[in-house]
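The chain contents come next:
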Number of protein chains: 6
Amino acid sequence: MSTEAERRQRGLATLSAMTGTAGEAVVASLQDIAPDLGEWLVSFAYGDVVSRPGLDKRSRQFATVAALTAMGHAPVQLKSHIHYALNVGCTAAEIVEVILQMGVYAGFPCTLNAIAIAREVFRERGVSAVGAGTDRKTGG
Amino acid sequence: MSTEAERRQRGLATLSAMTGTAGEAVVASLQDIAPDLGEWLVSFAYGDVVSRPGLDKRSRQFATVAALTAMGHAPVQLKSHIHYALNVGCTAAEIVEVILQMGVYAGFPCTLNAIAIAREVFRERGVSAVGAGTDRKTGG
Amino acid sequence: MSTEAERRQRGLATLSAMTGTAGEAVVASLQDIAPDLGEWLVSFAYGDVVSRPGLDKRSRQFATVAALTAMGHAPVQLKSHIHYALNVGCTAAEIVEVILQMGVYAGFPCTLNAIAIAREVFRERGVSAVGAGTDRKTGG
Amino acid sequence: MSTEAERRQRGLATLSAMTGTAGEAVVASLQDIAPDLGEWLVSFAYGDVVSRPGLDKRSRQFATVAALTAMGHAPVQLKSHIHYALNVGCTAAEIVEVILQMGVYAGFPCTLNAIAIAREVFRERGVSAVGAGTDRKTGG
Amino acid sequence: MSTEAERRQRGLATLSAMTGTAGEAVVASLQDIAPDLGEWLVSFAYGDVVSRPGLDKRSRQFATVAALTAMGHAPVQLKSHIHYALNVGCTAAEIVEVILQMGVYAGFPCTLNAIAIAREVFRERGVSAVGAGTDRKTGG
Amino acid sequence: MSTEAERRQRGLATLSAMTGTAGEAVVASLQDIAPDLGEWLVSFAYGDVVSRPGLDKRSRQFATVAALTAMGHAPVQLKSHIHYALNVGCTAAEIVEVILQMGVYAGFPCTLNAIAIAREVFRERGVSAVGAGTDRKTGG
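A quick note: this is a predicted structure, and the numbers were derived from the prediction, not measured. (Residues numbered from 1 in each chain as written. Chains lettered and ligands numbered in written order. Predicted model: local features only at pLDDT ≥ 70, side-chain atom pairs only at ≥ 80, totals over all residues.)

Draft legend 1. Representation of the overall build of chain A. The helix and strand inventory of chain A stands at seven helices and zero strands. Ordered by position in the sequence, the α and β elements of chain A form the string α-α-α-α-α-α-α. Overall size of chain A, expressed as C-alpha extent along the three principal axes, is 55 × 30 × 30 Å. (Helix = DSSP H or I, 4+ residues; strand = E, 2+ residues; numbered from the N terminus.)

Given below as C-alpha cells:
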C-alpha cells in the first residue's frame, strides 16, 4: 500500500509527464472552490490510476480520447486529452484514427465534434494534420 | 477509391482476423431482418474503418473497449469486443487497465459493470485474471 | 385550457388508440408504488403531449423509436414503442429503417440492440420482417 | 450491390436535396484533417443509409431531430438537421412537436435546449414560429 | 384530482419560491415558439412534480443538481438549478459536495464542468466558496 | 492530509454504516480480477468522497439515486443505492419522490425503469410502498 505522500508524488510526476504544466494549472484553478478535487485528480486519478504500470501511456490516451469522444459531453476535457495524447507520443494521425473509429460505435456527430476539437489542438501546436484520416487515398 | 468488392473483401478479412467466426455470426443473424446492416458492418465498419492501416489493431480495441465501457448502454457489444481485444493480442491485464481507467472518466458504475463482463469473457476463455488490476500490491 | 378531466379523457383515448391495452397495463402496474406517475403518463404524456394534433401519430412513433434507439438505455420502453408504432400504422420495414438510420447518429451498437428488440416484437406479432432493411438488394 | 461510384453519386444527390450546399460544406471542411470522414458522410451516411427508399425523407428527419434532441450532446448537428428538416418539407410547427415530445422521453432540459436551437434556425430562415407548439390554445 | 387552475397556481407559487423571477422568464421566453412548453413547466414540472409535499425542496435540488451534473449535456439548466438550490437554502458548500460526489458515479469530467458552472453562479451572487470542497484540510 | 490507513479505515466505516455487509461483498467480489478497484471503492469513493462531513448521508443518497436514475445505464448500482438510501434513513416515499422528479429532467423511461427497481428493493425488504408517490390523492 502506498503512503499518501507516495500517491501524491507519483501523481504529480505522471501529471507533469503527460500534461506538461496544463494538469497542474487545472489543479491550481480548483483551489478557490474545491481544492480536494484537485488533490483527487493528482493522487487518485493520476497517482492511483493513470500511473499504473500495466498499460503504456499511449494506449491509456487512446482509451481516454475514445471515451471522451464517444460520451460527447466533455469537449473541454477532450481537448486537453488530445493535447496529452500528443505529449505522450501519439501522433496526430493516430488520434484522428481513434476519433474516426468512434463514428462506428457512437455515431457521426460525436466524431465530427471531436474532429473539430482535434483540429483546434493541431493548429495550436502547429502539428500537420495533412494525411491524417486518409490512409487509403493513394491510387484511389 | 476502393471498389465495393474490395471493401467487402477487406472487411471480411479484418472481421475474421479480429473476431474469428463471431463477427460473421452477427452478420448472418441479421439476414432475417436487416441484411444491409450486416453488409454495412462488413464493408463500412470493418472494411472502411477498422481495417485502416493508420492504427494498430490492439490500440483500436483499447479504444473500442474504452468507449463501450464509458457509454455503458451496450453490454452485449462490450462483451464481444473484449473477446476481440483478446483475439488481437491485448492481454486480460491490459483490458482490465482500460476498464479501470474509465472509472476516472465515466464513473465507477460503468467500470464495475464492465469488469463483470470482462470476468465472464475471461472465464469463457480460461484466461487467468489473477494479477490483473493489481499492479502495485507487491510489498503493499 | 383543458380541464383535468379533459386531459385525462384525451390521454386515455390516445393511450388506447396507440397501445391497445398495454398502456393501461403500465398505468395499472404503478398503482402499488407510484400511482401519480400513472396519472402523469395518462394526462401529461398522452393527454397533453402525444395527443396534440400538430403531428401525425406515425411521425410521433418514428420520433420516439428513434430517440429510444439512440439513447440506448431503455430497452423495455423501446420494445413497447415498436409495438405502438405498428399499432398506429408504421410498417415493420419503416421501423427497421428508422433503427438503421440511428447507426449514423448514435452508432452501430444502439442499432444492433434495437434491431434485436424489433425482431422480438415482429415475432410476437407474426409480422414478416422479410425484406425489411434490404431496399437495394434486388439485382445486387 | 452498388458500385462505389453509384454510392457516391447517390449520396451527393441526397446530400444536395436535403442540405442544399450545407452538407457539401461540411464534407469540404474535413479535407484538411479527415477527408475520408467526408467520404463516409457522402457514400455511407447519405449514399447507403439516408437515401434508402424505404422511408420518406420527412420521416427520416423527424427521426434524426428526435434522436439529436434526446441525446443532447450534439447541438451543432441538431441545428443542421433542423435546417435539413425544413428543406425536405417538415414544417416549423411539426419540428417543434417532435422536440416537445422528447420532453417525455428524454426530459425537459433536452427539449428546452433544442427549442432554443430551433428558434435560431427559424430566425435565420425567417420562418414564422407563431403558433408552433400551441395546438390547443384556441378557445383555451 | 387538482383542477387545471390549481395546478397552474401551485406551479407558479413553487416556481416563484424556488427561482425568484428566473423561472417565469424561462416560461415567458417560450411564448414566441412553444408556449405550451412553458405551461407544462409551470403546471406539470413545478405544479405536479416539484411542488409535491413528500420531499423537501433542498433535497429536490440536491437531486436535480446531481442529475444534471451526471448527465453532463445540460449546462444551462445546471446553472439555473444551482441558483435555485441556493434560493431554497442549500449552501454553496453543500452544492459543491453533491457535485464532487458525482465524480464517483459519473466521472471527473462531469464534476469538473459542473464545478466551473458552480463557480460562475457563486461569483454572480457573491457567495463565498472559500472552504467549499475542503472538509478535511484543517490539520491535514 | 489523511494517511492511507486512515482513508481505508474511514472508508470501511462509512461503507459498513451505509451498506451493511453489501459494500464489502462488492469489494470482495473484485479480488479475483481487479482488487485495486475494490481498494479504490473503499479508500477513494467511500473514504475520500462519501464520508466527507459537508453533506449528510441522506442527501448524498438522494443525489446518487437521482444520478443513477437519470443516467439510466447502471441498474445494478441503482438497486444497491436504493438499499443504501433506506439504510441511512431515507424513506421509501422519499426515494420514490426523487425518482419521480427525474421524469422531468431525464424523461419518463428513466423514471419507469427506476420505479421497477425500487419496487424490487421495497419487496425484498418488506417496506410498504403504499402511499409512496401519491401525495395529493386524498380528496382527489
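Draft legend 2. Structural detail: the relation of the copies chain B and chain A. When chain B is fitted onto chain A, the two copies agree to an RMSD of 0.0 Å after a turn of 180° and an axial shift of 0.0 Å. Here the copies are linked by what is in effect a two-fold axis. Mapped onto chain A, 100% of the interface residues of chain B again fall at the interface, so both copies present the same surface. (Least-squares fit on C-alpha atoms with pLDDT ≥ 70 in both. Contact = placed C-beta atoms within 7 Å.)

Draft legend 3. Molecular detail of the packing of helix α4 (residues 57-71) of chain F against helix α6 (residues 92-106) of chain F. All names here are of chain F. Relative orientation of the contacting elements α4 and α6 amounts to 45°, with a least axis distance of 9 Å. If you check the angle between α4 and α6, you find them oblique. The two elements α4 and α6 meet at a crossing, and its hand is right-handed. The segment α4 lies against α6, with Phe 62, Val 65, Ala 66, Thr 69 and Ala 70 engaging Ile 95, Val 98, Ile 99, Met 102, Tyr 105 and Ala 106. Counted by class, the contact of α4 with α6 contains 10 nonpolar, one polar and no charged residues. (Axes fitted to C-alpha atoms, helices over the stretch in contact; angles between N-to-C directions. Parallel < 35°, antiparallel > 145°, perpendicular 65-115°, else oblique. Left-handed = near helix turned anticlockwise from the far one by under 90°. Nonpolar A, V, L, I, M, F, W, Y, C, P; charged D, E, K, R; others polar.)

Draft legend 4. Geometry of the interface of chain E and chain D. With 14 residues of chain E at the interface, the matching set in chain D holds 17 residues. Those elements that provide at least two residues to the side of chain E that touches chain D are α3 (35-50) and α5 (75-87) of chain E. Among the elements that line the side of chain E that touches chain D, the one with the most residues is α3(E), at five residues. In terms of residue class, the side of chain E that touches chain D is built from 10 nonpolar, two polar and two charged.

Draft legend 5. A look at the relation of the copies chain E and chain D. Expressed as a screw operation, the relation of chain E to chain D combines 0.0 Å of axial shift with a rotation of 120°, fitting to an RMSD of 0.0 Å. Here the two chains are linked by the operation of a three-fold rotation axis. Relative to the rotation axis, the closest C-alpha in chain E is found at E:His73, a distance of 3.2 Å. Looking at chain E, a mere 7% of its interface residues are interface residues in chain D too, so the copies touch through different faces.

Draft legend 6. Up close: the interface of chain B and chain A. The partner chain A presents 33 residues to the 33 residues of chain B that form the contact. Broken down by class, the residue content of the side of chain B that touches chain A amounts to 20 nonpolar, seven polar and six charged.

Draft legend 7. A look at helix α1 (residues 4-19) of chain C. All names here are of chain C. Spanning 16 residues, α1 covers 22 Å between terminal C-alpha atoms, matching the ideal 22 Å at 1.5 Å per step. Along α1, the positions that sit buried rather than exposed are Arg 7, Arg 10, Gly 11, Thr 14, Leu 15, Met 18 and Thr 19. The arc enclosing the buried residues of α1, seen along the axis, measures out at 135°, which places them on a common side. Considering only its buried residues, α1 is in contact with α2 (22-29), α3 (35-50), α4 (57-71) and α5 (75-87). (Expected span 1.5 Å × (residues − 1). Buried ≥ 20, exposed ≤ 12 C-beta atoms within 10 Å, placed from the backbone. Arc of directions from axis to C-beta.)

Draft legend 8. Quick look at the confidence of the model for chain A. All names here are of chain A. Per-residue confidence for chain A averages 93 on the pLDDT scale, and 93% of its residues sit at or above 70. Below pLDDT 50 for its whole length, residues 136-140 participates in three contacts with residues either more than four positions away or in separate chains. Model confidence for the complex is summarised by a pTM of 0.95, with the ipTM given as 0.93. (pLDDT = per-residue confidence, 0-100.)

Draft legend 9. Broad picture of α5(C). Between its first and last C-alpha atoms α5(C) spans 18 Å; for 13 residues at 1.5 Å apiece the expected length is 18 Å, and the two agree. Of the positions making up α5(C), those classed as buried are C:Gln77, C:Leu78, C:Ser80, C:His81, C:Ile82, C:Tyr84 and C:Ala85. Looking at the buried residues of α5(C), the elements they touch are α1, α2, α4, α6 (92-106) and α7 (108-125) of chain C together with α7 (108-125) of chain F. Just beyond α5(C), the residue with positive phi is C:Gly89, at close to 105°.

Draft legend 10. Spatial organisation of the domain arrangement of chain A. All names here are of chain A. Domain annotation for chain A reports domain 1 (1-53) and domain 2 (55-134). The C-alpha centroid of domain 2 is placed 22 Å from the C-alpha centroid of domain 1. Each partner contributes to the interface: domain 1 provides six residues, whereas domain 2 provides eight residues. When grouped by side-chain class, the residues that make up the side of domain 1 that touches domain 2 number three nonpolar, two polar and one charged. (Domains from an automatic or database assignment.)

Draft legend 11. How the structure looks around the nonpolar core. If you look at the biggest cluster of nonpolar residues, it comprises 312 residues, and the most contacted ones within it are A:Ala67, B:Ala67, C:Ala67, D:Ala67, E:Ala67 and F:Ala67. Those residues within four positions of E:Ala67 in sequence are excluded, and the remaining contacts are F:Ala66, F:Ala67, F:Ala70, F:Met102, F:Tyr105 and F:Ala106. (Core = buried A, V, L, I, M, F, W, Y, C linked by C-beta atoms within 7 Å.)

Draft legend 12. Structural detail: the environment of E:Pro75. All names here are of chain E. Residue position: Pro 75 is located in helix α5. Between the alpha carbons of Pro 75 and Ala 114 there is a distance of 7.7 Å; along the sequence they are 39 residues apart. Leaving out residues up to four positions away in the same chain, Pro 75 has contacts with Asn 113 and Ile 117.

Draft legend 13. View of the environment of F:Gly23. All names here are of chain F. By the secondary structure assignment, Gly 23 is in helix α2 (residues 22-29). Residues Gly 23 and Glu 124, spaced 101 residues apart in sequence, show a C-alpha to C-alpha distance of 17 Å. Not counting chain neighbours up to four residues away, the residues in contact with Gly 23 comprise Leu 15 and Met 18.

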